[in-house]
Amino acid sequence: MPRLTIDGRPVEVKEGATILEAAGLLGITIPRFCHHPALPPAGSCRMCVVEIEGSPKLATSCSTPAAEGMKVSTSSPAVKAARRDVLEFLLLNHPLDCPICDQAGECSLQDYYMEHSCAKSRFPAELKEPRQKRRLIGPHLVLDNERCVLCTRCVRFCDEVTRTSELFVSGRSDASFIDIREGKALDNGYSLNLADICPVGALTSREFRFRQRAWFLEKTPVTCLGCATGCRAEAHHAGGEIYRMVPAPGAENAWLCDRGRLTYRPLRAGDRLKKGFIKNGYIDLEPAVREAAARLAGEPGAAVLGSPWLSVEDNAALAALARALGTGNYCFSFTAESGIKDGILVNKDPAPNTAGAAEAAPTGGLDLGELNRRIAAGEIKALITEARAAAFIKGRLPDGFKLIVFATNRSEIPAGAYATLPYASYFETPGTFVNYQGRRGVTGPVVPPPEGVPPLAETAAALAAALKGDGA
Amino acid sequence: MNERTLLRDNVADIAAYFAAGGWRPLKKALSMGRAAVIAEVTASGLRGRGGAGFPTGRKWSFVPQDAQGPRYLVCNADEGEPGAFKDRELLRRNPQAVLEGMAIAGYAIGASLGYIYIRGEFSAEAEFLTAAITAARAKGFLGANILGSGFDFDIHLHRGAGAYICGEETALLSSIEGLRGQPRLKPPFPAVKGLFGAPTVVNNAETLAAVPSILERGAAWYASTGSPDSPGTKLFCVSGAVNRPGVYELPLGVPFRELLETHCGGMKDGRKLKAVLPGGASSPALTAAEAMAVNMDYASLAAAGSMLGSGAVIVIEEGRCMVELLGVLARFYRHESCGQCAPCREGCAWADKLLAGLEAGRGRPSDVETLRSCAAAMTGRTICPLADSLALPALSFISKFRAEFDAHAAGRTCRAAGGGRLA
Ligand SMILES: Cc1cc2nc3c(=O)[nH]c(=O)nc-3n(C[C@H](O)[C@H](O)[C@H](O)COP(=O)(O)O)c2cc1C
Ligand code: SF4
Ligand code: SF4
C-alpha cells in the first residue's frame, strides 16, 4: 500500500494504482484526453503529466504507478506549461467551430482551454490541415475528423470492450485520422458509448445531435430496464422530454448498450397510447376500464398474469386484482435463463424484473404450464396481463377468448388482444426492479406521463374497484 | 590498439569467417554457462550502438531468469536515420558476426528464436543475409542442438516496410507482430514483456557484432580499447562536405579532429567547417570550434551538449543555410512521426510549416521564437524520443545560429548563401 503526497497532501493507495487515480482519491482531477478509467492506458495525449520530485521529466499520471514516498505536484509551473503546450498543439488544426458543435458545454478541449490556457492562437488559419467532416459511420454515430484530438479512446473501446475493431488510426504523423475498416459499419450494439467517451465533438450521437444543448439538461438516475442486468443509468432531460441515457457516473457498468440507451424512445413515439384501445378503436380510459372489468367479471375462470417487464409495485397491483376477482388463476412466477450473454452487459434474460415479479404472489397460483393448459382446455376464457408478457401464452387463443393487456405503445399490442389499457412508463412513474443478481433498484420518475395516462397500479386498482362495484 | 573487429576484410563468406576464428566464440559461450556470458559482456563495458548507449550486459540481465515460456532476441537492423549507413555496411561485410552475436545473446537470455528486423529498402542485404543464415544453419551453428550443446537457436529475417519509427524497439516489436508500427508505453520494458508478450532483448546489429570478439578475447581486452566510459570500437559514418565520406571503425574517444582530418581527409575542396551533427540527424549541433575540441565518445559528446547517438556524423560546411538544413530535418521527422503523441504529431508538423515559411521568405519576425517554443514544448514530453530528435537539433540550431534564423524571418533572405541540400 504505497503512501505518497500529491500537492503536499498525503494519500495511501492500493498497489498498482496510478498517480491519476491517487489524485482522484484526494479530489484532485488531473486533466486528460486519452485516459479513460475503463480502457487500457495510451499515455499519448500528454495532458495528464505531473511533476515527480527527483525525476527530470514530467510523467504521465495515467500510466505511472503511485510509489512509496513519491512527492507529486499536479500544479507546478512546469506542469501548467506542459498543459498549455498540449492545448496549443491540439488546437493547431482544430476547426474552432464550437458554435455549431454539439459537444459544446461538455467538451474537454473547450473546458480545459478555459481552465488551463486561454492563450491566443499563434497558428495561421490557412495552414490548418483539412479533414473530413460529418461522416456517417454507423446507424447511431457521426464522425467529424476535424475535431478529433486522436486520443484513441474510440479505437481502444472497439478493440478492448466490444472486440470488434471497426475503428483504427489511418495514416501517421499529422496526417493521422480515425477511420473505419472498409465494409464495416459501427454497429456493435455498444456504439453510442463512443459518443460519451469521445472527449470532443468528433463522435456525436445521431439520436442526440442538435436536439438539446448540454447545459439545459437535467440529470436523473434511473435503472436501465432493457434487460435483467439492470445497469445503473442516468436520464438526461429537459422540459419534460428525455434526450439521452448515459451510464450513471461511478456505476459499476461503465457502459450502456445501444438498445438500453434507446429505451426512452417509445415515450414520445407516434404510437404512444394515451387512451384505451378496444378491438380497432381508441376509447377513453374510463369506459375502457369498465369494459375490461365487465369482461373479467363476465367470463368464467378469469385469470391474471403478472409480467417480468413490470415493477414490483405494478405486479402487486395485479395480484390485488386477482384477489378482487377471487380467482386462483394467477401466475407471477417466471423462470428465465439469466447471465451476461455477450461478455459485456447484455443479459440472456431480456426482461428486467423476472426476480421481482414473483414477490407479488409468493404462494399459490399456477405455473405457466398449468395456465396454458387451462387456457387451451377452455377453463380460462379471459386474462389480463402486460403486453410483452402475453407472449408467455402459447398457441392460438381459443375463439372468444378475452385478452386484456396493459401497453405503453400500440406496436406492443399482441395479436388477438381484445382490450388494451395505457399506462405510465417507468420513466414517468417510480418502480422497483430486482435484477438478475437480486439487486433492487428504484427507478423514475424522470418526466411526467402523457396527460390522462395513470400508472398501471392506479388502473389496476380502478379495475378492482369496478369489480367490487359489480359484485355489490 | 587500432584493430578493426567489426568491419574486417574478407570475412563475408562463412568459410572465411570460420577460418578467421569465427563461430568459436559461440562454442566457448556454450561451455561457460549463461550467467558467465552475461557477466563477461557486462564487464566489457559494451554499450548499445543503436543510439541510446545502454549497457548491453545489463540489458540482458533484465530478462527474468525464472520466466516461463519463450523469450526472443531481436537484432535491430532498421537503420533509417538520415546520415546512418553503418549497419548496412556491417551486414554486407561481416554478416556472420551479427548472426554469431545473436546466437550468443540468445543463449545468454535463454531465447531459442531470434529475429532480424531489416530496413525494407535493404533488399540486396536481405537476400545476402538470408543466404548467410542458410549457410550458418547448414554448418550447424544455427538450428536445433547447436554444436551438440542442447541449445536450439534459429533466426527469422523480417523486412520492414519503410517506416523510420519501426526502428524504435517497441514499434519494431509491434511491426513484427503485424500491428501498426508505433512505440509502446514503457514500462513494461521489452525485457519483461516484449515480442508476443514474452521477454525480449532488442539490440542493434553493431552491438551484436561486437559480442563474438568479446567472448573470444575477453572483457579486459575489449575494455582496453576506447575510453573508460565508452570501451571498444564504433562504426562512424561520416557524410557531408568531407573528402572521404564513409564508414570508419575507430576506437571510441577518437578526437573529432582526427576523424575529420586523418580518416576523412579533411574538408572537401578546402571548405571551412561550420557545424557538426556528431550523432546523426537527431543530435544537437556542435559549432566548428566545439566539434574540433570534442572526443567521439558518450561522455565527451554529452558534456559538449550533444550525443554519440548512432554514430552518424554529419559534417556541415560554411555557406550551408542552417534554416534550410533544419527544414530538411523537420520534413523528415514530420513524415516519420507515428502520430500518437500530441506534442510530436502536431509539433513536428508545426516546425515543418514554420521552417518552410521561413525558407520561402514568408516568415514573420515572431516565427523564430514560435519555433523555439514549439521545440521546447516537444522536448521530453513524448512516449519515444522521436520528438526530441527534432526538438534538440532545432533548439541547438536556433541558439547557435540565431542570426541566420532572424535574417530569414526579418530580411526574408538567406544570409548564408550557397544553398543546396543536405548530402
Ligand atoms: C525513432 C527511433 C528510431 C530508432 N531507429 C533505430 C534503428 O534504426 N536501429 C537501431 O538499432 N536502433 C534504433 N533506435 C533505438 C532502439 O529503440 C533501441 O534503443 C536499440 O535498438 C537498442 O539496441 P542497443 O541497446 O544495442 O543500442 C531507434 C530509436 C528511436 C526512438
Ligand atoms: S474520435 Fe473522439 S474518441 Fe476517437 S480519437 Fe478522436 S477525439 Fe478520441
Ligand atoms: S514521440 Fe512521436 S514517434 Fe514517438 S511515439 Fe510519440 S508520436 Fe510516435
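Residues numbered from 1 in each chain as written. Chains lettered and ligands numbered in written order. Predicted model: local features only at pLDDT ≥ 70, side-chain atom pairs only at ≥ 80, totals over all residues. Heavy atoms only, no water.

Q: Got a minute to help me understand the site of ligand 2 in this structure?
A: Not every one of the 13 residues close to ligand 2 is listed here, only the nearest: A:Cys148, A:Cys151, A:Thr152, A:Cys154 and A:Cys198. Residues belonging to the shell around ligand 2 are distributed by class as follows: eleven nonpolar, one polar and one charged. (Near = heavy atom within 4 Å. Nonpolar A, V, L, I, M, F, W, Y, C, P; charged D, E, K, R; others polar.)

Q: Which parts of the structure should I look at to understand the sheet that holds strand β13 (residues 241-247) of chain A?
A: Note: strands within a sheet are paired through backbone hydrogen bonds, in either parallel or antiparallel orientation. All names here are of chain A. Judged by pairing direction, the sheet is antiparallel, and its three strands sit side by side in the order β11-β12-β13 without closing on themselves. The sheet is open, and its two edges are formed by β11 (218-223) and β13, each paired on a single side. Across the sheet, the mean angle from the axis of one strand to that of its neighbour is 30°, orientation sign disregarded. Of the strand pairs in this sheet, strand β12 (residues 232-238) and β13 are connected by six bridges, and their pairing is antiparallel. The partner of Ala 238 across the bridge, within β13, is Glu 241. (Pairing = 2+ DSSP bridges. Helix = DSSP H or I, 4+ residues; strand = E, 2+ residues; numbered from the N terminus. Axes fitted to C-alpha atoms, helices over the stretch in contact; angles between N-to-C directions.)

Q: Honestly, the packing of helix α5 (residues 86-93) of chain B against helix α7 (residues 123-138) of chain B in this entry has me stumped. Any pointers?
A: Helix packing geometry: the angle between the two helix axes and the distance between the axes. All names here are of chain B. Packing of α5 against α7 leaves a shortest axis separation of 9 Å and a crossing angle of 35°. The chirality of how α5 crosses α7 is left-handed. Listed contacts from α7 to Arg 88, Leu 91 and Arg 92 of α5 are Glu 125, Phe 128 and Leu 129. (Left-handed = near helix turned anticlockwise from the far one by under 90°. Contact = heavy atoms within 4.5 Å.)

Q: Would you mind going over the domain arrangement of chain A with me for this structure?
A: Accessible area lost during the coming together of the parts is what is often quoted as the interface size. For chain A, the domain assignment lists domain 1 (3-87), domain 2 (124-216) and domain 3 (276-467). Here the C-alpha centroids of domain 1 of chain A and domain 3 of chain A sit 53 Å apart. (Domains from an automatic or database assignment.)

Q: In this structure, what is going on with the environment of B:Tyr298? I would like to understand it.
A: Residues and elements named next belong to chain B. As for its position among the elements, Tyr 298 is in helix α13 (residues 298-303). Sequence-wise, Tyr 298 and Ser 123 are 175 residues apart; in three dimensions their C-alpha atoms are separated by 32 Å. Not counting chain neighbours up to four residues away, the residues in contact with Tyr 298 comprise Arg 47, Gly 48, Arg 49, Gly 53, Asp 229, Ser 230, Leu 252 and Leu 308.

Q: It is not clear to me how helix α7 (residues 285-298) of chain A should be interpreted in this structure. Could you clarify?
A: Working note: α-helix, 3.6 residues per turn, so residues spaced by three or four point in the same direction. Residues and elements named next belong to chain A. The first and last C-alpha atoms of α7 sit 19 Å apart over 14 residues, in line with the 20 Å expected at 1.5 Å per residue. Within α7 the residues assigned to the buried category are Leu 285, Ala 288, Val 289, Ala 292, Ala 293 and Leu 296. Projected down its long axis, α7 carries its buried residues within an arc of 135°, all on one side. Those residues of α7 that are exposed and angled more than 90 degrees off the buried face are Glu 286, Arg 290 and Gly 298. (Expected span 1.5 Å × (residues − 1). Buried < 20%, exposed > 50% of the residue type's maximum accessible area, 1.4 Å probe, protein only. Arc of directions from axis to C-beta.)

Q: Help me understand the site of ligand 1, please; the structure alone is not making it clear to me.
A: Residues and elements named next belong to chain B. In the vicinity of ligand 1 lie 19 residues, with Gly 50, Lys 59, Glu 79, Asn 204 and Thr 207 positioned nearest. Here an oxygen atom of ligand 1 sits 2.7 Å away from a polar atom, N or O, in the main chain of Gly 50. Within the backbone of Gly 167, one N or O atom sits 3.3 Å away from a nitrogen atom of ligand 1. Across the complex, the protein chains shield 90% of the 610 Å² of accessible surface that ligand 1 would expose by itself. Sort the elements by how many residues they give to the shell around ligand 1 and strand β4 (residues 200-204) lands first, with three residues. Classifying every residue of the shell around ligand 1 gives five nonpolar, eight polar and six charged. (Polar contact = N/O pair within 3.5 Å; in protein donor to acceptor, adjacent residues only side chain to side chain. Areas by Shrake-Rupley, 256 points an atom, 1.4 Å probe, with all protein chains shown as cover.)

Q: How should the sheet that holds strand β3 (residues 154-159) of chain B be read in this particular structure?
A: Residue and element names in this part refer to chain B. Reading across the sheet, the four strands line up as β3-β2-β1-β4 and stay open at both edges, with parallel pairing between neighbours. Because the sheet does not close on itself, it has two edges, and the strands there are β3 and β4. In this sheet, neighbouring strand axes are inclined to one another by 20° on average, regardless of whether the strands run parallel or antiparallel. Taken together, the six bridges between strand β2 (residues 113-118) and β3 define a ladder with parallel strand orientation. When the bridges of β3 are listed, Ile 118 appears paired with Arg 159. Lying on the sheet, α7 is in contact with β2 and β3; it crosses β3 at an angle near 170°. Lying on the sheet, helix α9 (residues 205-217) is in contact with β1 (72-77) and β4; it crosses β4 at an angle near 90°.

Q: Mind showing me how you'd approach helix α2 (residues 77-92) of chain A here?
A: Between its first and last C-alpha atoms α2(A) spans 23 Å; for 16 residues at 1.5 Å apiece the expected length is 22 Å, and the two agree. When we look at burial in α2(A), the residues that qualify are A:Val79, A:Ala82, A:Arg83, A:Asp85, A:Val86, A:Leu87, A:Phe89, A:Leu90, A:Leu91 and A:Leu92. Next to the buried residues of α2(A) lie β3 (49-52), β5 (71-73) and α3 (108-117) of chain A together with α15 (342-359) and α16 (367-378) of chain B.

Q: Hey, could you run me through the side chain of B:Asp388 in this one?
A: Relative to the helices and strands, B:Asp388 resides in helix α17 (residues 386-400). Among buried Asp, Glu, Lys and Arg side chains, B:Asp388 stands out as unpaired, with A:Lys57 the closest opposite charge at 4.5 Å. Setting aside chain neighbours within four positions, we find B:Asp388 in contact with A:Lys57, B:Met378, B:Thr379, B:Gly380 and B:Pro393. (Lys, Arg positive; Asp, Glu negative; His and termini not counted. Salt bridge = Lys/Arg side-chain N within 4 Å of Asp/Glu carboxyl O.)

Q: Explain the confidence of the model for chain B here, please?
A: Close inspection of predicted coordinates is inappropriate for parts of the model with low pLDDT. Across chain B, the average pLDDT comes to 95, with 96% of residues at or above 70. This prediction of the complex comes with two scores: 0.94 for pTM and 0.93 for ipTM. (pLDDT = per-residue confidence, 0-100.)

Q: I keep staring at the nonpolar core and nothing clicks. Help me out?
A: Residues and elements named next belong to chain B. Within the largest apolar cluster, 61 residues are counted, with the highest numbers of intra-cluster contacts made by Trp 23, Trp 60, Leu 73, Met 102, Ile 116 and Phe 153. Of all the elements, helix α6 (residues 95-109) adds the most residues to this core, at ten residues. Counting residues in each nonpolar core, the second largest holds 60 residues, with Ala 285, Phe 332, Cys 344 and Leu 355 among its members. (Core = buried A, V, L, I, M, F, W, Y, C linked by side-chain atoms within 4.5 Å.)

Q: So what exactly am I meant to see when it comes to the domain arrangement of chain B here?
A: Residue and element names in this part refer to chain B. Under the domain assignment, chain B is made up of domain 1 (3-223), domain 2 (233-317) and domain 3 (322-417). A separation of 23 Å is found between the C-alpha centroids of domain 2 and domain 3. The interface is formed by twelve residues belonging to domain 2 together with 13 residues belonging to domain 3. Each partner contributes to the roughly 940 Å² buried at the junction of domain 2 and domain 3, and carbon and sulfur atoms together form 69% of this total. When the buried surface of domain 2 facing domain 3 is broken down by residue, Lys 274, Ala 281 and Ala 285 rank first, second and third, together holding 44% of it. At the boundary of domain 2 with domain 3, the tally comes to two salt bridges. Among the ionic pairs, Glu 404 bridges to Lys 274, the shortest N-O distance being 2.6 Å. If you look at where domain 2 meets domain 3, you find six residue pairs in polar contact (both at pLDDT 80 or more). (Buried area = accessible area lost by both parts, 1.4 Å probe.)

Q: Could you clarify how one ought to interpret the state of the cysteines in this entry?
A: What is meant by a disulfide is a covalent connection between two cysteines, made through their sulfur atoms. If you walk through the whole model with that rule in mind, you get zero disulfides over all chains. Take B:Cys374: it sits in no disulfide, and the sulfur closest to it among the cysteines is that of B:Cys348, at 8.0 Å. (Disulfide = S-S within 2.5 Å.)

Q: Mind showing me how you'd approach the packing of helix α14 (residues 322-336) of chain B against α17(B) here?
A: Residues and elements named next belong to chain B. α17 packs onto α14 with a crossing angle of 170° between their chain directions and a minimal axis gap of 10 Å. Considered as vectors, α14 and α17 are oriented roughly antiparallel to each other. Here α14 contributes Met 322, Leu 325, Leu 326, Leu 329, Ala 330, Tyr 333 and Glu 336 to the contact with α17, which in turn contributes Leu 386, Ser 389, Leu 390, Pro 393, Ala 394 and Phe 397. For the contact of α14 with α17, the class distribution of residues is eleven nonpolar, one polar and one charged. (Parallel < 35°, antiparallel > 145°, perpendicular 65-115°, else oblique.)

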